[in-house]
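# Residue-level structure breakdown
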Amino acid sequence: NYVVSQGLANTVYPQVIPASGSGGVAIQNRNANASFLGRPAYRIVLAQPAMGTTDDRYVHYEAELLDASGALLGSYRILSHTASELVLSPEGGPLEVAATQARVVAKFFKIVTNGVEGLGSTYAGGQGGRVPVANIRFGFAFHQNPQDPNAQRYPATPGTFAYDLSDPAVQEAVRALGAPFVQWDILFDTAFRSNAQDVPPALNPETPLPELHFLRLPFRF
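All of the points below concern the structure found in this document.

## Some words on helix α1 (residues 168-177)
Structural remark: α-helix, 3.6 residues per turn; residues separated by three or four positions point the same way. The opening residue of α1, the one whose side-chain oxygen lies 2.9 Å from the backbone nitrogen of Ala169, is Asp167. Downstream of α1 by a residue or two, Gly178 has a phi angle that is positive, lying close to 60°.

So this is what it looks like as structure tokens:
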């Protein structure tokens, strides 16, 4: 998913806290010199218990820190949390002390193109909108035991993958399978089409090459 702004395609990640709106939950306190399991970490305390009643429900999601106007200042992987306190990984850079609010997004991958996060440059699509020159497609397959010929896989055919994990039917099939093994397939498409009418520019030395900086699989136990 992406939106185009000033000719560039920016990746869109679903917001889970808050569920809607551009703002976030007010930050009451912060500590840039905390630790977690013996390693450096950041801690922020929210002004209200917005993280819900299940501790660590959103581990490996990202906490985005915003200024008072809602502008994004920084993004950090969540290592642990309670209802109102978050422990964040410092791998995302220094803690943004100017941030006044936070939100949580389901950001399980990061794409960088030409040194900037997002899908990079765009072209005029066949239906009038701007389309990224390059894009990435993720596919997933789930298996009970790849070494057992009688074990089940979803999708059932080897070499095939599911691409829309938001589909309730796919979610139920994966849940019912109870599969502890996962396989993924990544396609880097440097001539992306959003529909059949699009005509991407021909490949050349300047064609943007998206980079996958991380991919996280947030399993719950």
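## Re the sheet that holds strand β2 (residues 8-11)
Taken in spatial order, the 4 strands make up an open sheet running β1-β2-β12-β13, and their pairing is antiparallel. Either end of the sheet is taken by a strand with one partner, and the two such strands are β1 (2-5) and β13 (130-132). Here the average twist between neighbouring strands, direction ignored, is 45°. Two strands pair when backbone bridges link them, and β1 and β2 are joined in this way by 4 bridges, in the antiparallel orientation. Among the inter-strand pairings, Val4 is bridged to a residue of β2, identified as Ala9.

## Details of the nonpolar core
Core analysis: the largest hydrophobic core is formed by 21 residues, its most contacted members being Met51, Leu65, Ile78, Leu86 and Leu88. Looking at this core, the elements with two or more residues in it are β4 (25-36), β5 (39-46), β6 (62-66), β7 (72-81), β8 (85-88) and β9 (101-105). When residues in this core are grouped by element, the largest group, 3 residues, is from β5. Excluding anything up to four places from it in sequence, Met51 contacts Ile17, Leu46, Tyr58, Ile78, His81, Thr82, Ala83, Leu86 and Val104. In this structure, Ile111, Ile136, Phe142 and Ala179 belong to the second largest nonpolar core, which totals 9 residues.

## Some remarks on the packing of aromatic side chains
For the structure shown, the criterion picks out 6 aromatic pairs. With centroids separated by 6.4 Å and ring planes inclined at 85°, the aromatic side chains of Tyr2 and Phe192 adopt a geometry described as edge-to-face. With Tyr2 in strand β1 and Phe192 in the loop between β16 (181-189) and β17 (211-215), the pair connects residues that are 190 residues apart, well separated along the chain. Taking the relative accessible area as the measure of exposure, Phe192 reaches 16% and is therefore buried. Put simply, the rings of Tyr13, Phe109 and Phe138 touch in pairs and so form one group of aromatic residues. Just above the ring of Phe161 sits the side chain of Arg153; from NZ or CZ to the centre is 5.6 Å. Positioned over the ring face of Phe214 is Arg216, at 3.9 Å from the centre of the ring.

What counts as what
- Residues numbered from 1 in each chain as written.
- Predicted model: local features only at pLDDT ≥ 70, side-chain atom pairs only at ≥ 80, totals over all residues.
- Heavy atoms only, no water.
- Polar contact = N/O pair within 3.5 Å; in protein donor to acceptor, adjacent residues only side chain to side chain.
- Helix = DSSP H or I, 4+ residues; strand = E, 2+ residues; numbered from the N terminus.
- Pairing = 2+ DSSP bridges.
- Axes fitted to C-alpha atoms, helices over the stretch in contact; angles between N-to-C directions.
- Core = buried A, V, L, I, M, F, W, Y, C linked by side-chain atoms within 4.5 Å.
- Buried < 20%, exposed > 50% of the residue type's maximum accessible area, 1.4 Å probe, protein only.
- Contact = heavy atoms within 4.5 Å.
- Phe/Tyr/Trp six-rings, centres within 6.5 Å; stacked < 30°, edge-to-face > 60°.
- Lys NZ or Arg CZ within 6 Å of the ring centre and 35° of its normal.

Structural measurements only, silent on function.
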